[in-house]
Amino acid sequence: GKRFASGGADKTIIIWTSKAEGILKYSHNDSIQCLSYNSVTQQLASATASDFGLWSPEQKSVAKHKVSSRILCMSWTNDGTCLSLGHFNGQISLRDKSGAERLVIERTAPVWSIQWNPSRDEAYDLLAVACWDQTLSFYELSGMQQGRDRQ
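Note that the structure is predicted; figures quoted are calculated from it, not measured.

### Things to note about the layout of surface pockets
Here's step 1: Here the largest pocket is characterised by a volume of approximately 210 Å³.
Here's step 2: Along the walls of the largest pocket sit 13 residues, with R3, F4, A5, I15 and Y37 positioned nearest its centre.
Here's step 3: Elements that contribute at least two residues to the lining of the largest pocket include exactly β1 (3-7) and β4 (34-38).
Here's step 4: Looking at side-chain class alone, the lining of the largest pocket contains eight nonpolar, three polar and two charged residues.

So this is what it looks like as structure tokens:
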């Protein structure tokens, strides 16, 4: 990669060059919880307790979207069309690449980790979800759960 990003308690995202030169800086109103890069669309998603932002190289501004619960984790699908957000309130929000919400999956505990299946050879995308109640579950892009929760 030619760039990398950082974000932290100072509420600031910095896009860096490979020579450690900051080329862009933007901020949120809360501490940064997580970042996720979309290698297909070149978008960077940044998340906090109150919103998430979407930045891309061709945009001059960062599109921010309010959320009702702290975002703990997020992951893009392989084709770059869907961003999943794992929330403290147990919700998983599936968003399109513009940030619009397409679907909400309800869990009973904070969503601690989420990751889309990294294999491009699979017939469909599968989201692995790890919650604070020590369950592991799997969901399709449609929101349908595959199998039962695993402890």
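Following the structure, the description resumes.
### Regarding the sheet that holds strand β12 (residues 111-116)
Here's step 1: One open sheet holds the four strands; their spatial order is β12-β13-β14-β15, and the pairing between them is antiparallel. With one partner strand each, in any of the chains shown, β12 and β15 (145-150) form the two edges of the open sheet. Within this sheet the neighbouring strands show an average axis-to-axis angle of 20°, counted without direction.
Here's step 2: Here five bridges tie strand β13 (residues 126-131) to strand β14 (residues 136-140), and the two strands are oriented antiparallel to one another. For V129, the partnering residue across the bridge sits in β14 and is S137.

### Structural notes on the sheet that holds strand β6 (residues 51-55)
Strands in a sheet are paired, the pairing made by backbone hydrogen bonds, and the direction either parallel or antiparallel.
Here's step 1: As summarised here, the arrangement of the four strands in space is β4-β5-β6-β7, forming an open sheet in which the pairing is antiparallel. Taken across any chain shown, the strands that pair with only one partner, and hence form the sheet edges, are β4 and β7 (63-66). Each strand axis lies, on average, 15° off the axis of its neighbour in the sheet, ignoring direction.
Here's step 2: As paired strands, β4 and strand β5 (residues 43-47) are joined by five bridges and run antiparallel to one another. Opposite N38, over in β5, you have Q43 as the bridge partner.

### Some details on the packing of aromatic side chains
The geometry of an aromatic ring pair is captured by the separation of the ring centres together with the interplanar angle, meaning the angle of the planes.
Here's step 1: This model, assessed by the stated rule, comprises two aromatic pairs.
Here's step 2: Where F4 meets W16, the ring centres are 6.2 Å apart and the plane angle is 15°; that geometry is what we call stacked. Taken together, the positions of F4 in strand β1 and W16 in strand β2 (residues 12-17) put the pair 12 residues apart, joining distant regions of the chain.
Here's step 3: Classification of F4 as partly exposed rests on a relative accessible area of 42%.

The rules behind the values
Residues numbered from 1 in each chain as written. Predicted model: local features only at pLDDT ≥ 70, side-chain atom pairs only at ≥ 80, totals over all residues. Heavy atoms only, no water. 1 Å grid on protein atoms, 1.4 Å probe; cavity = no way out; pocket = protein on both sides within 12 Å on 5 of 7 lines; lining within 4 Å. Points joined across faces, edges and corners; volume = space filled by probe spheres on them. Helix = DSSP H or I, 4+ residues; strand = E, 2+ residues; numbered from the N terminus. Nonpolar A, V, L, I, M, F, W, Y, C, P; charged D, E, K, R; others polar. Pairing = 2+ DSSP bridges. Axes fitted to C-alpha atoms, helices over the stretch in contact; angles between N-to-C directions. Phe/Tyr/Trp six-rings, centres within 6.5 Å; stacked < 30°, edge-to-face > 60°. Buried < 20%, exposed > 50% of the residue type's maximum accessible area, 1.4 Å probe, protein only.

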